[in-house]
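As a plain string of letters, each chain reads:
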Amino acid sequence: MAEVELTTEQADSLRRELVSERSHLEAMLKLSKDGARPVGLSEPIGRLTRMDAIQQQQMTKATRAGHERRLRLIESALNAYDAGDYGLCRECEEPVGYRRLQARPEAPFCLECQSQREST
Ligand SMILES: [Zn+2]
């Protein structure tokens, strides 16, 4: 199923999406910075709360890792936009498709290449 290339309007609106998602993620990462630091042994909290704190900290770390990964994809999508090849699959260079990019504007691969990568 061949996708068509993005129109200028589509590319523009996806770029706006990317830019606002980037600042959103940057703000989230800033906010969660403190939550991700190791729980100090000297912190005056009880045993149960310490376990809660560690669990919380691990969750925060996992969330942050997800945000950081997404942020990197967004950065590279914006670089691709500047280079004039945004919306093209980085594997097969076919258009990724507007519908897919609407759901995930940072998607670096077309659906076909993405599912191939996931199955290997
Ligand atoms: Zn592809």
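Residues numbered from 1 in each chain as written. Predicted model: local features only at pLDDT ≥ 70, side-chain atom pairs only at ≥ 80, totals over all residues.

A.B. asks: Could you give an account of the environment of S32, naming the residues involved and the relevant values?
C.D. replies: The topology assignment puts S32 in helix α1 (residues 8–32). Judged by the 15 C-beta atoms lying within 10 Å of it, S32 is partly exposed. The contacts of S32, once residues within four sequence positions are left out, are T60, T63 and R64. (Helix = DSSP H or I, 4+ residues; strand = E, 2+ residues; numbered from the N terminus. Buried ≥ 20, exposed ≤ 12 C-beta atoms within 10 Å, placed from the backbone. Contact = placed C-beta atoms within 7 Å.)

A.B. asks: Can you lay out the nonpolar core for me, pointing to particular residues and giving the numbers?
C.D. replies: Within soluble globular proteins, side chains that are nonpolar generally end up buried alongside one another. Counting residues in hydrophobic clusters, the biggest one holds five residues: L14, C89, V96, L101 and C110. Contact partners of V96, with chain neighbours within four places excluded, come to E3, G87, L88, C89, L101, A107 and C110. (Core = buried A, V, L, I, M, F, W, Y, C linked by C-beta atoms within 7 Å.)

A.B. asks: Give a description of unusual backbone geometry that names residues and reports values.
C.D. replies: One can expect most non-glycine residues to show negative phi and most peptide bonds to be in trans. Located in the positive-phi region is E93, a residue other than glycine, with phi close to 65°. Here E93 shows up in the loop between α2 (47–83) and α3 (98–103). C-beta crowding within 10 Å serves as the criterion here: with 10 such atoms nearby, E93 is assigned to the exposed category.

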